[in-house]
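In case you want the letters, here they are:
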Amino acid sequence: MPFQELDAHLVAPKRFVTLAHLQQVEQADYPGLQEATGLSTPDLSKIIRDLEERGLVAVTKERRTRYGTTLVRLTPEGRATFAALLATLNRIAGR
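Small disclaimer: the values here were computed from a predicted structure and weren't measured.

Draft legend 1. The arrangement of the nonpolar core in detail. Ranked by size, the top nonpolar core spans 18 residues in total, and within it Leu22, Leu33, Ile48, Leu51, Val57 and Val72 carry the most contacts. Those elements that place two or more of their residues in this core are helix 2 (13-24), helix 3 (30-37), helix 4 (41-53), strand 3 (68-74) and helix 5 (76-92). Top contributing element to this core by residue count: helix 4, with 4 residues. In this structure Val57 touches Leu22, Ile48, Leu51, Glu52, Val72, Arg73, Leu74 and Thr75, once residues within four positions along its chain are discounted.

Draft legend 2. The side chain of Thr69, seen in detail. Secondary-structure assignment places Thr69 in strand 3. Looking at Thr69, the relative accessible area reads 16%, which means it is buried. Residues within four places of Thr69 in sequence aside, it is in contact with Asp29, Thr60, Lys61, Glu62 and Arg64.

Draft legend 3. Highlighting the environment of Gln24. Structurally, Gln24 is set in helix 2. Put simply, Gln24 and Leu74 are 50 residues apart on the chain and 9.8 Å apart in space, counted from C-alpha to C-alpha. A polar side-chain atom of Gln24 sits 3.2 Å from the main-chain carbonyl oxygen of Ala20.

Draft legend 4. The sheet that holds strand 1 (residues 28-29), seen in detail. Across the sheet, which stays open at both edges, the 3 strands sit in the order 1-3-2 with antiparallel pairing between neighbours. Of all the strands in the sheet, just strand 1 and strand 2 (57-63) have a single pairing partner and so form its edges. In terms of strand pairing, strand 2 meets strand 3 through 7 bridges, oriented antiparallel. Residue Lys61 lies in a different strand from strand 3, and its bridge partner there is Thr70. Where helix 2 meets the sheet, it contacts strand 1, strand 2 and strand 3, and its direction lies at approximately 90° from that of strand 3.

Procedures and definitions
- Positions within a chain are numbered from 1, following the residues in the order the chain's sequence is written.
- Per-residue local features of the predicted model are confined to residues with pLDDT of at least 70, and side-chain atom pairs are confined, for both listing and counting, to 80 or more; whole-chain, interface and lining totals are unaffected and use all residues.
- In computing side-chain properties, one takes all heavy atoms of the structure into account and sets aside hydrogens as well as water.
- In these notes, a set of buried Ala, Val, Leu, Ile, Met, Phe, Trp, Tyr and Cys residues joined through side-chain atoms within 4.5 Å is what counts as a nonpolar core.
- Burial classes: relative accessible area under 20% of the type maximum marks a residue as buried, over 50% as exposed, and values in between as partly exposed (1.4 Å probe, protein chains only).
- To qualify as a helix, a DSSP run of H or I must reach at least 4 residues; to qualify as a strand, a run of E must reach at least 2; elements of each kind are numbered from the N terminus.
- For this analysis, residues touch if any pair of their heavy atoms sits within 4.5 Å.
- Under this definition, polar contacts are N or O atom pairs within 3.5 Å; protein pairs additionally need one hydrogen-donor-capable and one acceptor-capable atom, and for neighbouring residues in sequence, both atoms have to be side-chain atoms.
- Here, a strand pair is defined by DSSP locating no fewer than two bridges between the strands.
- Axis lines are fitted to C-alpha atoms, over the contacting stretch for helices. Their N-to-C directions set the angle, which ranges from 0 to 180 degrees.

Structural data, given as C-alpha cells:
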C-alpha cells in the first residue's frame, strides 16, 4: 500500500491528537483541548487555524462570563476526513 494514501499533514502527531479529541466530543474550548492534547496555546492556535482553513473544524466565540470563550468543533467534512484517515491507517496496519 503506497504511503501516498495517507495525508501526511493530518497524521502529524499534534494535528492527529487534536482531531482525535474533537472526534470524541461535540465541541471543546481551548483549555479543554490543551488539557486533552498537552499542546501549548501557540501550538494549538496554529493547528486550529490550519484545520479551520482546510474546512475541518469550525471555530466560534461566545461570551459565558465577562470573558469570551473560543469553541472548536469538527465540521461534517472534518468528521468524514478523520474517519477516512482512521480507515486508511487500519487498512495499512492490516486490521
